[in-house]
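# Observations on the three-dimensional arrangement
Chain by chain, the residues run as shown.
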Amino acid sequence: VKLYYSPAACSLASHIALNESGLKFTLEKVDLASHKYGGKDYYQINPKGYVPALELDTGEILTENAVIQMYVADQAPKANLLPKAGTPERYRALEWLTFVSTEIHKGLSPLWNPKFPDDAKQILKDRIAQRYDWLSKKLTGKYLLGDPYTVADGYLFTVLNWSKPLHIDLTKWPVLLGFCENVKARPATLKSLKEEGLV
Ligand SMILES: N[C@@H](CCC(=O)N[C@@H](CS)C(=O)NCC(=O)O)C(=O)O
């Protein structure tokens, strides 16, 4: 499989999942300003224009970060990146994956837009602060589900990693800082950060 990514973008979550899985994959860097990769038009790969996209060995393209992560987890059952289908834990993990995708990831997305007005940005930051307060109460173990690690953890790490450039002071939430350290200590996370030129 091939992952279309942009350094430090949300595609890092799919990248971490791939490194956790042990599956063989290659990386293709996309320039999000021009929507080009290696001089070619990225819209031909993903007409929606955004990363991540996963090119399967059949040539099919899979998009949507949360779904790519589920796919990767299901392709590598031995890596235990999601609980077994049908179990209550599976739905708990998917609940987290969806929360990170729709509440945190998409809650933060407009903050990257320089055209977004400052007062509107503040409203979003206040909402995110409420989510982080709640998350801090829920995160009582090493990871979101306690301790097995799941793909949702790599996804949460990816979006919390945006705090500095978005001027969100994570020191207000020491539990979240501790969580980031837990995920960063995993070899697959460090490998992904290195492969994206982030460390
Ligand atoms: N719904 C998509 C959103 C992905 C997304 O927001 N990607 C951003 C980077 S974090 C992007 O590529 N933006 C550039 C663009 O939309 O042109 C998903 O969950 O995968």
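This text goes with the structure placed above it.
Residues numbered from 1 in each chain as written. Predicted model: local features only at pLDDT ≥ 70, side-chain atom pairs only at ≥ 80, totals over all residues. Heavy atoms only, no water.

### Topic: the side chain of Asn19
- Mapped onto the secondary structure, Asn19 falls in helix 1 (residues 11-21).
- Not counting residues within four places of it along the chain, the set of residues in contact with Asn19 comprises Phe25, Ala188, Lys191, Ser192 and Glu195. (Helix = DSSP H or I, 4+ residues; strand = E, 2+ residues; numbered from the N terminus. Contact = heavy atoms within 4.5 Å.)

### A closer look at the pairing of strand 2 (residues 26-29)
- The sheet contact formed by strand 1 (residues 2-5) and strand 2 spans 4 bridges and is parallel. Paired with Tyr5 across the two strands is Lys29, which belongs to strand 2. (Pairing = 2+ DSSP bridges.)

### Quick look at unusual backbone geometry
- Of the consecutive residues Val51 and Pro52, the connecting peptide bond is found in the cis state with omega at 0 degrees.
- As for its placement among the helices and strands, Pro52 is situated in the loop between strand 4 (40-41) and strand 5 (53-55).
- A positive phi angle, near 55 degrees, is found at His35, a position not held by glycine.
- Assignment of secondary structure puts His35 in the loop between strand 2 and strand 3 (36-37).
- Of note in this structure, Asn80 is not a glycine but carries a positive phi near 55 degrees.
- With respect to the secondary-structure elements, Asn80 resides in the loop between helix 2 (65-75) and helix 3 (88-108).

### Details of the packing of helix 1 against helix 7 (residues 187-195)
- At a closest axis distance of 8 Å, the pairing of helix 1 and helix 7 adopts a crossing angle of 125 degrees. Taken together, the axes of helix 1 and helix 7 lie oblique to each other. Our pair here, helix 1 against helix 7, has a crossing hand that is right-handed. On helix 7, the residues touching Leu12, His15, Ile16, Asn19 and Glu20 of helix 1 are Ala188, Thr189, Lys191, Ser192, Leu193 and Glu195.
- For the contact of helix 1 with helix 7, the residue count by class is 4 nonpolar, 4 polar and 3 charged. (Axes fitted to C-alpha atoms, helices over the stretch in contact; angles between N-to-C directions. Parallel < 35°, antiparallel > 145°, perpendicular 65-115°, else oblique. Left-handed = near helix turned anticlockwise from the far one by under 90°. Nonpolar A, V, L, I, M, F, W, Y, C, P; charged D, E, K, R; others polar.)

### So, the pattern of salt bridges
- Counted by the stated rule, this structure contains 7 salt bridges.
- Measuring nitrogen to oxygen at the nearest pair gives 2.9 Å for the salt bridge that ties Lys48 to Glu64. Linking Lys48 in the loop between strand 4 and strand 5 with Glu64 in the loop between strand 6 (61-63) and helix 2, this pair joins segments that are 16 residues apart in sequence. (Salt bridge = Lys/Arg side-chain N within 4 Å of Asp/Glu carboxyl O.)

### Considering the site of the ligand
- Around the ligand, the neighbouring residues are Ala9, Cys10, Leu32, His35, Gly49, Tyr50, Val51, Pro52, Glu64, Asn65, His105 and Lys106.
- At a separation of 2.9 Å, a nitrogen atom of the ligand approaches a polar backbone atom of Val51.
- Between the ligand and Lys106 there is a distance of 2.9 Å, counted from an oxygen atom to a side-chain nitrogen or oxygen.
- Coverage of the ligand by the protein amounts to 78% of the 510 Å² it exposes when considered alone.
- In the shell around the ligand, the residues fall into 6 nonpolar, 4 polar and 2 charged. (Near = heavy atom within 4 Å. Polar contact = N/O pair within 3.5 Å; in protein donor to acceptor, adjacent residues only side chain to side chain. Areas by Shrake-Rupley, 256 points an atom, 1.4 Å probe, with all protein chains shown as cover.)

### Considering helix 2
- All of the buried residues along helix 2 are Asn65, Ala66, Ile68, Gln69, Val72 and Ala73. All buried residues of helix 2 lie within an arc of 160 degrees about the axis, which places them on one face of the element.
- Packing partners of the buried residues in helix 2 comprise helix 1, strand 5, strand 6, helix 3 and helix 5 (151-160). (Buried < 20%, exposed > 50% of the residue type's maximum accessible area, 1.4 Å probe, protein only. Arc of directions from axis to C-beta.)

### Some remarks on the sheet that holds strand 2
- An order of 2-1-5-6 is seen for the 4 strands of this open sheet, with the pairing classed as mixed. What marks the edges here is a single partner per strand, and that holds for strand 2 and strand 6. Across the sheet, the axes of successive neighbouring strands diverge by a mean angle of 25 degrees, strand direction being ignored.

### Concerning the packing of aromatic side chains
- Evaluation of the coordinates by the stated rule reveals 9 aromatic pairs.
- Measuring from centroid to centroid gives 5.2 Å for Tyr132 and Trp173, while their planes differ by 85 degrees, and the two rings are edge-to-face. Here Trp173 lies in the loop between helix 5 and helix 6 (174-184) and Tyr132 lies in helix 4 (residues 118-138), a separation of 41 residues in the sequence. You'll find Tyr132 and Trp173 in the same group, each marked buried.
- Ring plane angle 85 degrees and centroid distance 5.3 Å describe the contact between Tyr143 and Tyr149, whose orientation is recorded as edge-to-face. Both residues of the pair, Tyr143 and Tyr149, count as buried.
- Three or more aromatic residues link up through ring pairs in this structure, and these residues are Tyr4, Tyr37 and Tyr42.
- Lying over the aromatic face of Tyr149, Arg186 brings its terminal NZ or CZ to 3.8 Å of the ring centre. (Phe/Tyr/Trp six-rings, centres within 6.5 Å; stacked < 30°, edge-to-face > 60°. Lys NZ or Arg CZ within 6 Å of the ring centre and 35° of its normal.)

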